[in-house]
There are 4 protein chains.
Amino acid sequence: MIVILKHGVDKEMRIPLIDWLQSQGLGVHISDGDYQTVLGLIGDTSHVDMDLIASLGIVDSVKRVSDPFKCCNRKFHPEDTVVQIGDVKIGGGNFAMIAGPCSVESEEQIVSVAKSVKAAGASLLRGGAFKPRTSPYDFQGLKASGIELLKIAREATGLPIVTEIMSIEHLPLFEDVDVIQVGARNMQNFDLLRHLGELRKPILLKRGLANTLKELLMSAEYIMAGGNEQVILCERGIRTFDDYTRNTLDLAAVPMLHELTHLPIIVDPSHATGRAPLVQPMALAAAACGADGLIIEVHNDPMHALCDGAQSLRPEQYAELAEKVRTVREVCAK
Amino acid sequence: MIVILKHGVDKEMRIPLIDWLQSQGLGVHISDGDYQTVLGLIGDTSHVDMDLIASLGIVDSVKRVSDPFKCCNRKFHPEDTVVQIGDVKIGGGNFAMIAGPCSVESEEQIVSVAKSVKAAGASLLRGGAFKPRTSPYDFQGLKASGIELLKIAREATGLPIVTEIMSIEHLPLFEDVDVIQVGARNMQNFDLLRHLGELRKPILLKRGLANTLKELLMSAEYIMAGGNEQVILCERGIRTFDDYTRNTLDLAAVPMLHELTHLPIIVDPSHATGRAPLVQPMALAAAACGADGLIIEVHNDPMHALCDGAQSLRPEQYAELAEKVRTVREVCAK
Amino acid sequence: MIVILKHGVDKEMRIPLIDWLQSQGLGVHISDGDYQTVLGLIGDTSHVDMDLIASLGIVDSVKRVSDPFKCCNRKFHPEDTVVQIGDVKIGGGNFAMIAGPCSVESEEQIVSVAKSVKAAGASLLRGGAFKPRTSPYDFQGLKASGIELLKIAREATGLPIVTEIMSIEHLPLFEDVDVIQVGARNMQNFDLLRHLGELRKPILLKRGLANTLKELLMSAEYIMAGGNEQVILCERGIRTFDDYTRNTLDLAAVPMLHELTHLPIIVDPSHATGRAPLVQPMALAAAACGADGLIIEVHNDPMHALCDGAQSLRPEQYAELAEKVRTVREVCAK
Amino acid sequence: MIVILKHGVDKEMRIPLIDWLQSQGLGVHISDGDYQTVLGLIGDTSHVDMDLIASLGIVDSVKRVSDPFKCCNRKFHPEDTVVQIGDVKIGGGNFAMIAGPCSVESEEQIVSVAKSVKAAGASLLRGGAFKPRTSPYDFQGLKASGIELLKIAREATGLPIVTEIMSIEHLPLFEDVDVIQVGARNMQNFDLLRHLGELRKPILLKRGLANTLKELLMSAEYIMAGGNEQVILCERGIRTFDDYTRNTLDLAAVPMLHELTHLPIIVDPSHATGRAPLVQPMALAAAACGADGLIIEVHNDPMHALCDGAQSLRPEQYAELAEKVRTVREVCAK
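Residues numbered from 1 in each chain as written. Chains lettered and ligands numbered in written order. Predicted model: local features only at pLDDT ≥ 70, side-chain atom pairs only at ≥ 80, totals over all residues. Heavy atoms only, no water.

(A) Focus on the relation of the copies chain A and chain B. Mapping chain A onto chain B calls for a screw motion: a turn of 180° about the axis and a shift of 0.0 Å along it, with 0.1 Å RMSD after fitting. Such a combination of turn and shift is consistent with a two-fold rotation axis. No C-alpha of chain A lies nearer the rotation axis than that of Ala210 of chain A, which sits 2.9 Å from it. (Least-squares fit on C-alpha atoms with pLDDT ≥ 70 in both.)

(B) The sheet that holds strand 3 (residues 37-42) of chain C, seen in detail. Residue and element names in this part refer to chain C. In space, the four strands of this open sheet follow the order 2-3-1-4, with antiparallel pairing throughout. In the strand order of this sheet, the two ends are held by strand 2 (27-32) and strand 4 (59-63), each with one partner. The mean angle between the axes of side-by-side strands here comes to 20°, regardless of whether they run parallel or antiparallel. Sheet analysis places strand 2 next to strand 3, joined by six bridges and oriented antiparallel. Looking at the pairing, Asp32 lines up with Thr37 of strand 3. (Pairing = 2+ DSSP bridges. Helix = DSSP H or I, 4+ residues; strand = E, 2+ residues; numbered from the N terminus. Axes fitted to C-alpha atoms, helices over the stretch in contact; angles between N-to-C directions.)

(C) A look at the pattern of salt bridges. All names here are of chain B. Overall, the coordinates contain 55 salt bridges over all chains when judged by the stated rule. A salt bridge links Arg154 to Asp176; the shortest N-O distance between them is 2.8 Å. Linking Arg154 in helix 4 (residues 144-157) with Asp176 in the loop between strand 9 (161-165) and strand 10 (179-182), this pair joins segments that are 22 residues apart in sequence. We classify Arg154 as buried; its relative accessible area is 16%. (Salt bridge = Lys/Arg side-chain N within 4 Å of Asp/Glu carboxyl O. Buried < 20%, exposed > 50% of the residue type's maximum accessible area, 1.4 Å probe, protein only.)

(D) Focus on the side chain of His262 of chain B. With respect to the helices, strands and loops of the structure, His262 of chain B is situated in the loop between helix 7 (253-260) and strand 13 (265-267). On the basis of relative accessible area, His262 of chain B is assigned to the buried category, the value being 2%.

(E) Just the sheet that holds strand 4 (residues 59-63) of chain D, in detail. Residue and element names in this part refer to chain D. Across the sheet, four strands lie side by side as 2-3-1-4; this open sheet has antiparallel pairing. The open sheet terminates on both sides in strands that have one partner only, identified here as strand 2 (27-32) and strand 4. Recorded for the sheet is a direction-independent mean angle of 20° between the axes of neighbouring strands. As paired strands, strand 1 (residues 2-5) and strand 4 are joined by four bridges and run antiparallel to one another. Residue Ile2 lies in a different strand from strand 4, and its bridge partner there is Lys63. Along the sheet face, helix 1 (residues 11-23) touches strand 1, strand 2, strand 3 (37-42) and strand 4 and points at about 155° away from the line of strand 2. (Contact = heavy atoms within 4.5 Å.)

(F) Region of interest: the environment of Glu148 of chain C. All names here are of chain C. Take Glu148: it is sitting in helix 4 (residues 144-157). Residue Glu148 is classed as partly exposed on the basis of its relative accessible area of 42%. For the pair Glu148 and Asp176, spaced 28 residues apart in sequence, the C-alpha to C-alpha distance is 9.7 Å.

(G) The arrangement of the interface of chain C and chain D in detail. Residue-level contacts link 53 residues of chain C with 53 residues of chain D. For the pairing of chain C and chain D, the buried interface totals around 4400 Å² over both sides, and the portion due to carbon and sulfur atoms is 58%. Summed over the shared surface of chain C and chain D, the result is two salt bridges. Between Arg239 of chain C and Glu215 of chain D there is a salt bridge, with the nearest N and O atoms lying 2.6 Å from each other. Where chain C touches chain D, the interface holds 20 residue pairs in polar contact (both at pLDDT 80 or more). When residues of the side of chain C that touches chain D are traced back to their parent elements, those giving at least two are helix 1 (11-23), helix 5 (190-197), helix 6 (213-225) and helix 10 (302-307) of chain C. Considering each element in turn, the side of chain C that touches chain D owes the most residues, five residues, to helix 6 of chain C. For the side of chain C that touches chain D, the class distribution of residues is 22 nonpolar, 18 polar and 13 charged. (Buried area = accessible area lost by both parts, 1.4 Å probe. Polar contact = N/O pair within 3.5 Å; in protein donor to acceptor, adjacent residues only side chain to side chain. Nonpolar A, V, L, I, M, F, W, Y, C, P; charged D, E, K, R; others polar.)

(H) Summary view of helix 1 (residues 11-23) of chain B. Residues and elements named next belong to chain B. For helix 1, which comprises 13 residues, the first-to-last C-alpha distance of 18 Å matches the rise-based estimate of 18 Å (1.5 Å per residue) to within 8%. Considered for burial, the residues of helix 1 that qualify are Arg14, Leu17, Ile18 and Leu21. Sitting at the amino-terminal end of helix 1 is Asp10, which places a side-chain oxygen 3.2 Å from the backbone nitrogen of Glu12. One or two positions beyond helix 1, positive phi appears at Gly25, with a value near 85°. (Expected span 1.5 Å × (residues − 1).)

So, to be careful, I would describe these as geometric facts and stop short of saying anything about function.
Written out as structure tokens, the structure is:
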């Protein structure tokens, strides 16, 4: 860590800061320049509160030279992490196709969609049992029975299941779930992350609506610090001023994260855009820039089928998308 | 709710939608224009999924005419809510001064700060026991023993205490806390909100970093729908591209929320700006535009005192601020 | 246009508004609902000030049913516009590779880069002569002589040239430039746009840092309303809270714009990301989601070559990118 | 300027960079740490391209220790700049009340509003003659004749006039205008700024919709570098995800800018919020946090008067606001 002092701070004024830093067990290397003084901190600075130092009256700015994330940092773990779920692998050149309905609605619905997406090449089944909704008056999901229906669909198709957790009090219900999803709104629910770190089960961690890549990695770090190294990151769009699409899909996050971390990164074009006709182009773009997988909403409900809409695709649209994604991957992976 | 159909949608194409709407128990009033058709939905539309309808291929857009928030809506409850904590009132013309350190560090620290802020006119004591930190390696607070120290400070000064909850599993520890704070990162932790709705205790709900005013009100609604009507809203800065201040304090939210809701609204200029010299001007601005209170960080730790910095104020700076805020309120309240 | 009146506005109160609307030459169709009244405006509403009506005390909201953009609207011009520059075509299935250095620095530099990018398959040469810089103290480009050097490079290679205009007073210098670029900071310099509308020459219009797609289309409309229909839109990243990349490349804008307009849309992955290693993945992603071209920075200056960095690519990196883009397009165009 | 090299960069690899820096006339002070090397650049670094260096493969990051803005920097000019227009002063404790209609519409209108706002205590008259509009089909202002009408209103009331310029080709029309306004969309129209720097006339520079405070200061620097030191900065709201108000008024910019620059800073609560009921509270807040003036829209047109709406205030509302602002200033200035 480097601390740059303000211009005009003399040797007297900096003594208390240097004393305090040394009392924290750090070596301090002082470099006096013509214009400013730079303090180089030597030792383990991971516990040093950067904001506190930055806020001191005599400090111009503070720079962390080493990254605050360790477990997920590619520098310390150059090989790609491969997350394995049954026979399915994600990362390290393995591409995962996760698909299914927004919400689990009935046995008939989930089994039928599961069969369709399996036929189209999906390797995992998604479906919401607990639904985070902005309004307390909106449908909140089938909850425990939704998870039971997912298991039935798994039995019928062999597809491992992915579903979202909203609270640690539901953890026992997720014991037999293959991949636990943390939604965007819970990306910084640190207590939940800590509990998931105690499991030995893959976690699909979605980026928060207004969270930086560093914050996403620090949240992965909460899980990994507990010993659970099976984390899959997911870019699903961030909140901006833009209004045509629901969120702004930040695809550059994919190659950027691949540089910073060894964890697999998948993309959710359905929630990012909120518009079915944009799902295929953005899925192809995600594959082209190196994503390790896609999570896509597929429905088979007659209301949607009739009117041809929603952010969800029909099974036949998904099959076409899956086919194109395969070809793009073949080309780009070379 | 009004559904505007796309230009060119004929009477045949709209039948399935109209049938489906009627099957949801709604009346549908059709108004055919030269250019477009507008469907007016009659009945209780609060459970209708607006996004789903908007996503249909034949629909141009959907507008909710009535607000989705009920309990906190000023239209249905024109008088200001006054939240009462012991002798302290917030809202309806009552202004609350909440102050204290960022984190509870020791008995000596918290009791000493509590005495200082009380002398300066604070009516409630704040202090973090559970600290939400971006990094799992940063100090996470004194937790249960931090709450015990707050109670000691309360006994020493008579000031009611405000402290943040991070997980429902800690609820028993908050039984004797006067005001439970929900931090920005948990504003959409719906499960936590629902549990707080079951309490009969004031909740201080901070706006999320990237949440709209409507989403803030919907989160208040989660608490109020459970029967807990003592909700205090708090504007604490939103995340933007701007980089000089930590966040962008959205003060226009104060009069805007006063128009939309009867709940009291307080402002946190310390976290919003992250810079001590900006705290007083923004506190005065908040008072001038009608806020119902201020929550401000005050410290007495020698490290900061020596170097004169941080987002926290020294007790004497807080005393000056409190005095000026009183005068501004007298002028603006007229 | 649809005007939704506030709940509780009676027939008396709405008379002045209806009278005023009729005085503007509009028919007004009144639809009284149980809960609210909707006014449907009949006639040409393109000149009606939506903000003014929305701001009236009796109005809940206003919705434009028809788009405010006409010339560039795909509804009124379903076929793709193909912009032609010499033998080069952009749009309607024709893909343009624009490449060159950030700034024109010398004859040797620009001719050498031009030859390199031509060999790699570029169809147009870019290079900055007038440089918009945040600081008045930074290098502002070679100006008029930069344009002369571009013409020399054009003669040496046959590549048409693309360069940015910053002020109408320089218009005469651009007479022999093939494509005039409008930079992000001038996207709403309406006076400049109007002057460019009087030309009969292709305009490359970059999206502003914080402009919506609708605003981009309205700026294209300024040019097209003057009779110049050869407009190429360019997505180059928007400003968000995100800090790892310079801007956030909004690739979903590509298919979204293709739905809204018939104009060609190209992507600038160099400025969007500001990091050379991200340029290739984002270029492939742009090609995969349907962009009509790419504008990419390529340099050959020894300083950069030595150190392997910058947002610019070396010629050999560009050649590799160009080859991969061709393959992705072949796959996705099917 | 400080250049921090990446971990693992050895002495060989850094030679080309150091040579190049020295060839730019800079001294280079090398400080080798245990973990990283820091290069301190000595000499005038104002012309050094920070982005270029930051982008090099061996560089971790670059920090400017000195601010890039000089003329407007408070460090080099500690006393407040006072801009004087006739008898009116802005800055250094002098508060300016600028008021008038959005657009100049007719002689009767502008003279009548001018008289009203003068009676209410306004010291300068604003009114748009050239109007920047998102759509080419919207009313673009009365242009040259609008400026003539403003002069008539000035003669009738003695109020100096403020109006917006959109293009350098209109400069001759502004010769007799007292204060020339640069709108938010032209804040980085660098060519226009440079021309205004050649004048010796006050310039009112509005912050762009997505511009940082540093960028605002750099734009002021463009004007001041030409020798025109009479620049008034204006905060008018920035673009965020928030949707209840038109923009997000960033009031913390006021004290922050007062710390960074000696130029006066005024606030525009009308455009920032877009809602008349929010104008008074935000005007009071601006006065409370130290703004040097307010620019507010006041109308007297019967359409608005009838319906009581818009972002503009009626003259009597403005008079009430002006009175309250005076009192708040008396309290806060102490």
